[in-house]
Amino acid sequence: MQSFIQIDSPLYLRAEQLSSPANWAALFGNDNPLVLEIGAGTGDFVAKTAADHPGRNFIAIDYYNKGCFKTCRRLEKLGLTNVRVLREEARQFLTERISPGSLAAVHINCPDPWPKKRHRKRRLVNKEFLEFLLPYLAPGCDFYFATDFDDYGIDVGEFMPQVTGMTNVLAPDLFRFDLEEYHLSRYMEKFMAQGKSIHYIHYQKVTSCPPI
Ligand SMILES: C[S@@+](CC[C@H](N)C(=O)[O-])C[C@H]1O[C@@H](n2cnc3c(N)ncnc32)[C@H](O)[C@@H]1O
């Protein structure tokens, strides 16, 4: 069994020490737009993306302790101050720490594919998850999903048009195999090196959709 790593980084937050919802403007020291990466892994994507957008605040969550440790180390090496890292489960974190209508962007890159048919109900991203996520998104919020697993990409591409209140930025395509200026995560790099394609999905919350 892997031993638990104590994370002492100033970028690492313990959710139980935060208010519900958390006061992110106070935690970052500014009220810049808030971006959430769910399942940030070892932080490759959030580090590159946060470096590109110093005027945005990034929250990187993953329930993988070693991943959070590596993400913090990477961010500190780069001197990035606009990211906070938490070892949290996505649904619980959103429910407890995020104010409705407050997220400017959400990224989910290469979530666990659960390739066996009988395990597919364990996938993080499905229509129910999007409907759960929607109230936390600000009007115009970007939702990005990327997967190396064909069946997952096709599935998300097909159900997304049925999610009320979201519009497809890539229309008429349900997904694309590349997304300009979108950084590669560790898993994307790994799978592309094996010759696999990445399915990208990009939606936006419709500004005029009624409050939930
Ligand atoms: C296959 S890895 C991909 C990591 C990274 N996004 C990448 O592309 O390199 C999926 C990650 O999502 C995390 N994860 C899966 N379900 C999660 C959930 N419900 N809440 C938070 N993290 C989750 C896992 O711990 C794992 O680190």
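Look up a bit, the structure's there.
Residues numbered from 1 in each chain as written. Predicted model: local features only at pLDDT ≥ 70, side-chain atom pairs only at ≥ 80, totals over all residues.

Remarks on the site of the ligand
- The ligand sits among 20 residues. The nearest are Gly39, Gly41, Cys110, Ser185 and Tyr187.
- When residues of the shell around the ligand are assigned to their parent elements, the largest contribution, three residues, is made by helix α7 (residues 186–193).
- Among the residues forming the shell around the ligand, the class breakdown is 11 nonpolar, five polar and four charged. (Near = placed C-beta within 6 Å. Helix = DSSP H or I, 4+ residues; strand = E, 2+ residues; numbered from the N terminus. Nonpolar A, V, L, I, M, F, W, Y, C, P; charged D, E, K, R; others polar.)

Some points on unusual backbone geometry
- A cis amide bond links Ser20 with the next residue in sequence, Pro21, at an omega value of -5°.
- Looking along the chain, the bond that leaves Ala171 and enters Pro172 is cis, with omega of 5°.
- Turning to its location among the elements, Pro172 is positioned in the loop between β6 (166–168) and α7.
- Backbone geometry at Cys110 places phi at a positive 50°, although glycine is not the residue there.
- In this fold, Cys110 is placed in the loop between β4 (103–109) and α5 (127–133).

Here's the deal with the pairing of strand β1 (residues 34–38)
- With respect to burial, β1 is a largely interior element, five of its five residues being buried.
- Along β1, one buried face is formed by Leu34, Leu36 and Ile38 and the opposite face, lined by Val35 and Glu37, is buried too.
- Two strands pair when backbone bridges link them, and β1 and strand β2 (residues 57–61) are joined in this way by five bridges, in the parallel orientation. Across the sheet, the residue bridging to Val35 is Phe58, located in β2.
- Taken together, β1, helix α2 (residues 44–52) and β2 constitute a β-α-β crossover, and its handedness is right-handed. (Buried ≥ 20, exposed ≤ 12 C-beta atoms within 10 Å, placed from the backbone. Pairing = 2+ DSSP bridges. Right-handed = clockwise from strand over helix to strand, strands pointing away.)

Structural notes on the nonpolar core
- Residues Val46, Ala60, Val83, Leu103, Val106 and Phe145 are the most contacted members of the largest nonpolar core, which totals 53 residues.
- Top element by residues in this core is strand β5 (residues 137–147). It accounts for six residues.
- Leave out the neighbours within four places in its chain, and Val83 touches Leu11, Val46, Ala50, Phe58, Ala60 and Leu75. (Core = buried A, V, L, I, M, F, W, Y, C linked by C-beta atoms within 7 Å. Contact = placed C-beta atoms within 7 Å.)

Looking at the packing of α2 against helix α3 (residues 65–78)
- Running from N to C, α2 and α3 cross one another at 30°; their axes reach a closest spacing of 9 Å. Classified by the angle between their axes, α2 and α3 sit roughly parallel to one another. Regarding α2 and α3, the two cross each other, and that crossing is right-handed. Together, Val46, Ala47 and Ala51 of α2 and Thr71, Arg74, Leu75 and Leu78 of α3 make up the contact between the two elements. (Axes fitted to C-alpha atoms, helices over the stretch in contact; angles between N-to-C directions. Parallel < 35°, antiparallel > 145°, perpendicular 65-115°, else oblique. Left-handed = near helix turned anticlockwise from the far one by under 90°.)

What to know about the environment of Asn65
- Its location among the elements puts Asn65 in helix α3.
- With residues near it in sequence (within four places) discarded, Asn65 still touches Phe4, Ile5 and Arg87.

Let's talk about α2
- Among the residues of α2, Asp44, Phe45, Val46, Ala47, Thr49 and Ala50 are the ones counted as buried.
- Of the surrounding secondary structure, the elements contacted by the buried residues of α2 are β1, β2, α3, β3 (83–86), β4 and α7.

Considerations on helix α4 (residues 90–97)
- Those residues of α4 not exposed but buried are Ala90, Leu94 and Arg97. For α4, the buried positions fall inside an angular range of 105° around the axis, keeping them on one side.
- Residues of α4 that are buried in the fold lie against β1, β2 and α5. (Arc of directions from axis to C-beta.)

Some remarks on the sheet that holds β6
- Strand order in the open sheet formed by seven strands is β3-β2-β1-β4-β5-β7-β6, and the pairing between neighbours is mixed. This sheet does not close on itself; its edge strands, each paired only once, are β3 and β6. This sheet shows a mean twist of 20° between the axes of neighbouring strands, independent of strand direction.
- Judged from the six bridges that link them, β5 and strand β7 (residues 199–205) form a sheet pairing that is antiparallel.

Examining the pairing of β5
- Strand direction decides the pairing type here: β4 and β5, joined by six bridges, are parallel. Bridged to Leu103 within β5 is Leu137.
- For the crossover from β4 across α5 to β5, the handedness is right-handed.

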